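# Structure at a glance
This is what each chain is made of:
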Amino acid sequence: MADLNRTALHALHLRLGAKMVPFAGYDMPVQYPGGVLKEHLHTRSAAGLFDVGHMGQVLVTAISGKQADAALALERLVPVDLAGLAEGRQRYGFLTNDAGGIIDDLMIANRGDHFFIVVNASRKAEDLAALRAGLPDYCDVAEVPGRGLIALQGPEAEAALARLVPDAPEFAFMDVGIRLWQGVELWISRSGYTGEDGFEISVPDAFAEALAERLLEMPEVAPIGLGARDSLRLEAGLCLYGHDIDEETTPVEAGLAWAIQKIRRSGGARSGGFPGAERILRELAEGTPRKRRGLRPEGRAPMREGVEIYASDEGGAPIGRVTSGGFGPSIEAPMAMAYLPPDLPEGSTVYGDVRGKRLPARIVPMPFRPATFKR
Amino acid sequence: MKFTEDHEWLRVEGDLVIVGITEHASEQLGDVVFVDLPEAGRSVSTGDEVVVIESVKAASDILAPLDGEIVAVNDALADTPALVNEDPLGKGWFFKMKVADLSALDGFMDEAAYKALIG
């Protein structure tokens, strides 16, 4: 506990009365005095400010200065179309291992003469190792020192940020750009992990607290902790690394095949050529014996991570296990994700073993609550 | 009113003991979204898991504080589990139990001792 890292907003969290918990080696706010439920609903109705400064920020640059060199090099590690990613645009992707498992999921932005990558806090070391080992010598991999990261999410995020960055409304979903605020470089992207419209803003540590406080002064903006961040992303059907995806799950099993563009699939111009390609391309064509599915438990009892799923209300072996589950404040019902056979049709009923009782749950499409991204 | 080290409160009403959780416990749990109550008529022994409280954060067990029989449960919690947060010492009660000997309550903390426990 003694050597937990702190983000640039640590002192602010304490002043705001946050309850702090260790998370991925950082001392992070799990909730503020309002509580998880209120924070969740506030983000859906107004705007929430999240400290995501624990996440890793990485730059990948080709020594040649040619962005195409960096793009093609990264494509050796990431099964998405990066050579076709326009300057000023960002894309969701993942690093895969030789077995087709997911080393981490990440956001990759084309910033003209380099790529800016945001990775999970808990996977920084593995990501940097995979990038350094897998990229050719003509690519430089550098962790960005001394920058915090703030997510501003919710229907009023745009109006809030526009007071500081007047052209923020002109960013389309997944646009990235650098803007000056009081002479400070903000690296802005229109993205997030809540299912809401919003922005992620990289800011120098020395100015992170001033920026957060300036945003929190606005009546629509409230600080939101990791507790609500988890229920928001779960309602949005988004994966949490280490729970819903890991080195043992492939992107196809995880329902992330949408992130693999045609050009990287069999028959595409730059098909394969990434770790685990053989398995992932085969699964894209033939399917997988298990897939991440959405569950809506009947009643109000949540089915949490680890709950075993059965095909019937007694007997038989488990057919899957919940990887994330909880209560959705916006849908006012429990929800869960589980790896299950893909041939079970949507709407069919399965049973989760909750404290020795098999409780029914329906297989439903995700997201549990539709996203409101600004396209 | 008496208190257990598990942050339950016990209140005598006639020959019954009403059981709930303290304000401190309700704050620690966070927003309660589901309460799994026992069936009335169930006989319990001290330490039996009788109630499960699901909050937005986690599931927590409530243990039977005494030997006895559950004679009534708070059905209002089925539709309004938030009563546990809003009024933990009142409308957020969990169950009423019949115990063999009410003097067993003497072994629990009084309010001053409980306050000292939670600091």
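Residues numbered from 1 in each chain as written. Chains lettered and ligands numbered in written order. Predicted model: local features only at pLDDT ≥ 70, side-chain atom pairs only at ≥ 80, totals over all residues. Heavy atoms only, no water.

## As for unusual backbone geometry
Residue and element names in this part refer to chain A. With an omega dihedral of 5°, the bond running from Met366 to Pro367 counts as a cis peptide bond. Relative to the elements of secondary structure, Pro367 occurs in the segment after strand 19 (357-364). One non-glycine residue with positive phi stands out, namely Gln182, at about 50°. Secondary-structure assignment places Gln182 in the loop between strand 10 (176-181) and strand 11 (184-189). (Helix = DSSP H or I, 4+ residues; strand = E, 2+ residues; numbered from the N terminus.)

## So, the pattern of salt bridges
As enumerated under the stated definition, the model contains 28 salt bridges over all chains in all. Between A:Arg89 and A:Asp175 there is a salt bridge, with its nearest N and O atoms 2.7 Å apart. Placement of A:Arg89 in the loop between helix 3 (67-75) and strand 5 (90-96) and of A:Asp175 in the loop between helix 5 (157-162) and strand 10 is noted, with a sequence separation of 86 residues between them. With a shortest N-O distance of 3.3 Å, B:Lys96 and B:Glu13 are connected by a salt bridge. On the criterion of sequence distance, the pair formed by B:Lys96 in strand 9 (residues 95-98) and B:Glu13 in strand 2 (residues 8-13) is long-range, its members being 83 residues apart. We classify B:Glu13 as partly exposed; its relative accessible area is 40%. Within this structure, A:Glu75, A:Asp81, A:Arg91, A:Arg264 and A:Arg270 form a network of salt bridges that share partners. (Salt bridge = Lys/Arg side-chain N within 4 Å of Asp/Glu carboxyl O. Buried < 20%, exposed > 50% of the residue type's maximum accessible area, 1.4 Å probe, protein only.)

## Re the UniProt feature "domain: Lipoyl-binding" (unreviewed entry) in chain B
As annotated by UniProt and renumbered to match this structure, "domain: Lipoyl-binding" (unreviewed entry) occupies residues 16-98 of chain B. Helix makes up 18% of residues 16-98 of chain B and strand 42%, with an end-to-end C-alpha separation of 5 Å. (UniProt positions renumbered as here; feature names shortened; annotations may be inferred.)

## What about the UniProt feature "modified residue: N6-lipoyllysine" (unreviewed entry) in chain B?
In the numbering used here, UniProt assigns the "modified residue: N6-lipoyllysine" (unreviewed entry) feature to B:Lys57. Mapping B:Lys57 onto the fold places it in the loop between strand 6 (49-55) and strand 7 (59-63). Setting aside chain neighbours within four positions, we find B:Lys57 in contact with A:Lys19, A:Gln31, A:Val36, A:Arg304, B:Gln28, B:Leu29 and B:Gly30. Among the polar contacts listed, one links the side chain of B:Lys57 to the backbone oxygen of B:Gln28, at a separation of 3.2 Å. (Contact = heavy atoms within 4.5 Å. Polar contact = N/O pair within 3.5 Å; in protein donor to acceptor, adjacent residues only side chain to side chain.)

## Comments concerning the sheet that holds strand 4 (residues 32-36) of chain B
All names here are of chain B. Strand order in the open sheet made by the 3 strands is 4-6-7, with antiparallel pairing throughout. For this open sheet the edge positions go to strand 4 and strand 7, each flanked by a neighbour on one side alone. Neighbour to neighbour, the strand axes of the sheet diverge by 25° on average, direction disregarded. Note: strand 6 against strand 7, 5 bridges, orientation antiparallel. Bridge pairing in strand 7 links Glu54 to Ala59. (Pairing = 2+ DSSP bridges. Axes fitted to C-alpha atoms, helices over the stretch in contact; angles between N-to-C directions.)

## Overview of the domain arrangement of chain A
All names here are of chain A. Taken as a whole, chain A is organised into domain 1 (1-288) and domain 2 (290-375). Taken together, the contacts link 31 residues of domain 1 with 26 residues of domain 2. Three residues stand out in domain 1 for area buried against domain 2, namely Phe173, Leu234 and Glu235, and they jointly supply 28% of the buried area on that side. At the boundary of domain 1 and domain 2, one finds 2 salt bridges. Residue Glu253 pairs with Arg290 through a salt bridge whose shortest N-O separation is 3.1 Å. In this structure, the connection of domain 1 to domain 2 is made through 20 residue pairs in polar contact (both at pLDDT 80 or more). Looking at side-chain class alone, the side of domain 1 that touches domain 2 contains 13 nonpolar, 8 polar and 10 charged residues. (Domains from an automatic or database assignment. Buried area = accessible area lost by both parts, 1.4 Å probe. Nonpolar A, V, L, I, M, F, W, Y, C, P; charged D, E, K, R; others polar.)

## Things to note about the side chain of A:Asp244
Residues and elements named next belong to chain A. With respect to the helices and strands, the residue Asp244 is situated in the loop between helix 7 (226-235) and helix 8 (277-286). A polar side-chain atom of Asp244 sits 2.8 Å from a polar atom in the side chain of Arg233. For Asp244, the side chain forms a polar contact with the side chain of Thr323, separated by 2.7 Å. Other than its neighbours up to four places away in sequence, Asp244 contacts Arg233, Leu238, Cys239, Thr249, Arg292, Thr323, Ser324, Met337 and Tyr339.

## Here's the deal with the packing of aromatic side chains
Residues and elements named next belong to chain A. All told, the structure shown has 6 aromatic pairs over all chains when counted by the stated rule. Arranged with centres 5.4 Å apart and planes meeting at 15°, the rings of Tyr92 and Trp258 form a pair that is stacked. A residue pair is termed long-range when its members are at least 10 positions apart, and Tyr92 in strand 5 and Trp258 in the loop between helix 7 and helix 8 qualify at 166 residues. The exposed category is assigned to Trp258, whose relative accessible area is 58%. Between the aromatic rings of Phe171 and Phe199, the centroid separation amounts to 6.4 Å while the plane-to-plane angle is 80°, which identifies the pairing as edge-to-face. Of this pair, Phe171 sits in the loop between helix 5 and strand 10 while Phe199 sits in strand 12 (residues 198-204), and the two are 28 residues apart along the sequence. One exposure class covers both Phe171 and Phe199, and it is buried. The structure contains a cluster of three or more aromatic residues connected by ring pairs, namely Tyr92, Phe94 and Trp258. Positioned above the aromatic ring of Trp187, the side-chain terminus of Arg147 is 3.7 Å from the ring centre. (Phe/Tyr/Trp six-rings, centres within 6.5 Å; stacked < 30°, edge-to-face > 60°. Lys NZ or Arg CZ within 6 Å of the ring centre and 35° of its normal.)

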